[in-house]
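# Examination of the molecular architecture
Chain residues, written in single-letter form:
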Amino acid sequence: MKRTYDLIVIGAGLSSLMFLNQYLKKNNYQSILLLEQKKTANNDQTFCIWEGPGLPNITEEFQLKPKKIWKKIVLNNLNYEVKKNIYPYNYVCFDGKEVLESLFKSFSKKITNLKKEIVTKVYCKDDIQIVTTDNSVYFGKVVVDSRNNFQKHEIKSALVCQAFVGSEIELTQDRFKPDEVTLMSFKQNDDQVEFTYILPFSKQRALVETTVFSVAPCLESIEKIHKVVLENFGAYEEVRQEKAILPMAVISPIEEKRILKIGIGGGMMRASSGYSMRRIGNWALRLKSDELSEKSISIFRYRSNKCLNYLDKIFLNVILKYPEKGPYLFMKLFRRAKISSLIRFLSDTPKGIDLINILLCMPKRLMLKGLIEKKND
Ligand SMILES: Cc1cc2nc3c(=O)[nH]c(=O)nc-3n(C[C@H](O)[C@H](O)[C@H](O)COP(=O)(O)OP(=O)(O)OC[C@H]3O[C@@H](n4cnc5c(N)ncnc54)[C@H](O)[C@@H]3O)c2cc1C
């Protein structure tokens, strides 16, 4: 008879590793099986978060090494530019592969088993979770599932996708301003929100991403636009690439008895930004010292802030119905809002006063239209 693990964790991505990093600081006595489909980690992700007063310090708490930190942010379109000094806040960037390796190293000796296998099925029989992979069958009391496999009925808002193609490039001439991160450099586009995101690591090296917010993005056409964007920088060498299509939606997973959904499928992606590292980190840092079991599972479940969800739903409706207004919405918000309020809002830790500030700075008529669309949902 095969053993029954206390926990089976599916996926060794950001949410599982941040979870295990914190959970295993407080709980050492459970048997844990970690299942990951990828045989090796790829160097194809860059994670950025805001850090500063009022926000849990993810860099320190998870002992991560930033690749670069910026104190100035820029947004622009054809007509004007918004440039802000964000002190005492920082925009912090991490190498994705390094983050995952460092998180894994922090607890690797404490887990019972790691298997590089693809999970094909999870079901319950006689109060035990049965996890089938391409190679074997495992038994667990509780499953922590980080697969991004949410169902249609778990989506509680409009579903917009964030699609991007990014290249870390090295130029032969100085073209970048290493102390300024360009969050959004908007292009005129009536069908989708389109912008370039530039993370400059030096005067000649940067990660340049071409991004669209769209209902049905096509990576091939983004790649074509991206090539033109890169050519505008002159001669360049592409060091590495990253690309993805990520869901931007309010997701509320169905609660199953012995399954803890985490990560994007667990509703941990911030719908209005497509960022999830901050939300995952905040959640993992709040974990209590209880052992995760069938009885205690409810205190582990991620519950998103209803007020943020409400605003995100309106925002998604605006992006969906009036994509041509997207640049105006973002530029207005970044230009008018108090930067501390905006960063705490974007980082899931707004105070009441931050929400009031954000509401006052949003374009009223546009948000009202989004609200009406929401009522029609
Ligand atoms: C290129 C890129 C850049 C990003 N940049 C940022 C950023 O700057 N800031 C930010 O906050 N967020 C960013 N994100 C979004 C988000 O933070 C990441 O997607 C994050 O990895 C989400 O964590 P997760 O655990 O939900 O998913 P993942 O990290 O994808 O983890 C899921 C894991 O489960 C494994 N898995 C899936 N199915 C199976 C299966 N059937 N069997 C076994 N294993 C399985 C996967 O291989 C993966 O390792 C970025 C995402 C991408 C792709």
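For the structure, see preceding data.
I will try to describe carefully the structure that is included in this document. Worth saying up front: this structure is predicted, and the values here are computed from it rather than measured.

On to the overall build of the protein. The secondary structure content of the protein amounts to 11 helices and 17 strands. Radius of gyration (C-alpha) of the protein: 21 Å, near the 21 Å computed for a compact globule of 377 residues. Judged by the C-alpha coordinates and their principal axes, the protein covers about 70 × 50 × 40 Å. Counting across all 377 residues of the protein, residues that qualify as buried make up 55%. Long-range contacts, defined as pairs at least 24 residues apart, comprise 74% of the intrachain contacts of the protein with a sequence gap of at least 6. About 17700 Å² of surface is accessible on the protein, with carbon and sulfur atoms providing 51% of the total. In the protein, which carries 60 positive and 42 negative side-chain charges, the distance between the mean positions of the two groups comes to 5 Å.

For K325, the position within the fold is in the loop between α7 (306-321) and α8 (326-336). Of the residues examined, K325 reaches a relative accessible area of 34% and is grouped as partly exposed. Considering only alpha carbons, one finds K325 and C218, 107 residues apart in sequence, at a separation of 21 Å.

What follows concerns the site of the ligand. Taken together, 30 residues lie near the ligand, and S15, E36, T46, C48 and S276 sit nearest. Between the ligand and Q37, the relevant distance is 3.1 Å, taken from an oxygen atom to a side-chain nitrogen or oxygen of the residue. Note that an oxygen atom of the ligand is positioned 2.7 Å from one of the backbone N or O atoms of C48. Contact with the protein chains removes 88% of the 960 Å² of surface that the ligand exposes when unbound. Secondary-structure elements contributing two or more residues to the shell around the ligand are α1 (14-26), β3 (46-51), β16 (236-248) and α5 (277-285). Class assignment of the residues belonging to the shell around the ligand gives a composition of 14 nonpolar, 10 polar and six charged.

Attention now goes to empty space enclosed by the protein. On inspection of all chains with the given rule, the structure shows one cavity of 30 Å³ or more. In this structure, the largest cavity is lined by A249, V250, I251, G267, M269, A271, R279, S304, N309 and D312. Partitioned by chemical class, the residues of the lining of the largest cavity number five nonpolar, three polar and two charged.

Attention now goes to the pattern of salt bridges. Using the criterion set out here, one finds 22 salt bridges in the structure. With a shortest N-O distance of 2.9 Å, R205 and E168 are connected by a salt bridge. In this pair, R205 is assigned in strand β15 (residues 205-214) and E168 in strand β12 (residues 160-171), connecting sequence segments 37 residues apart. Judged by its relative accessible area of 3%, E168 falls in the buried class. The salt bridge partner of E255 is R301, with a shortest N-O separation of 3.6 Å. In this pair, E255 is assigned in the loop between β16 and β17 (259-261) and R301 in the loop between α6 (297-300) and α7, connecting sequence segments 46 residues apart. Since its relative accessible area comes to 48%, E255 is described here as partly exposed.

This part is about the sheet that holds β3. Spatial ordering of the open sheet is given by β3-β7-β4, a layout of three strands whose pairing is antiparallel. Strands with a single pairing partner mark the edges of an open sheet, and in this sheet they are β3 and β4 (68-70). With direction set aside, neighbouring strand axes in the sheet form an average angle of 20 degrees. When β3 meets strand β7 (residues 90-95), the two strands line up antiparallel, connected through six bridges.

Our focus in this paragraph is the environment of I280. Mapped onto the fold, I280 is located in helix α5. Under the relative-accessibility criterion, I280 is labelled buried at 3%. Sequence spacing of I280 and G266 is 14 residues, and the spatial spacing of their C-alpha atoms is 9.8 Å. Apart from residues no more than four positions distant in its own chain, I280 is found in contact with L14, S15, M18, G263 and M268.

Parameters at a glance
- Residues numbered from 1 in each chain as written.
- Predicted model: local features only at pLDDT ≥ 70, side-chain atom pairs only at ≥ 80, totals over all residues.
- Heavy atoms only, no water.
- Helix = DSSP H or I, 4+ residues; strand = E, 2+ residues; numbered from the N terminus.
- Rg over C-alpha atoms; globule rule 2.2 N^0.38 Å.
- Buried < 20%, exposed > 50% of the residue type's maximum accessible area, 1.4 Å probe, protein only.
- Contact = heavy atoms within 4.5 Å.
- Areas by Shrake-Rupley, 256 points an atom, 1.4 Å probe, with all protein chains shown as cover.
- Lys, Arg positive; Asp, Glu negative; His and termini not counted.
- Charge placed at Lys NZ, Arg CZ, Asp CG, Glu CD.
- Near = heavy atom within 4 Å.
- Polar contact = N/O pair within 3.5 Å; in protein donor to acceptor, adjacent residues only side chain to side chain.
- Nonpolar A, V, L, I, M, F, W, Y, C, P; charged D, E, K, R; others polar.
- 1 Å grid on protein atoms, 1.4 Å probe; cavity = no way out; pocket = protein on both sides within 12 Å on 5 of 7 lines; lining within 4 Å.
- Points joined across faces, edges and corners; volume = space filled by probe spheres on them.
- Salt bridge = Lys/Arg side-chain N within 4 Å of Asp/Glu carboxyl O.
- Pairing = 2+ DSSP bridges.
- Axes fitted to C-alpha atoms, helices over the stretch in contact; angles between N-to-C directions.

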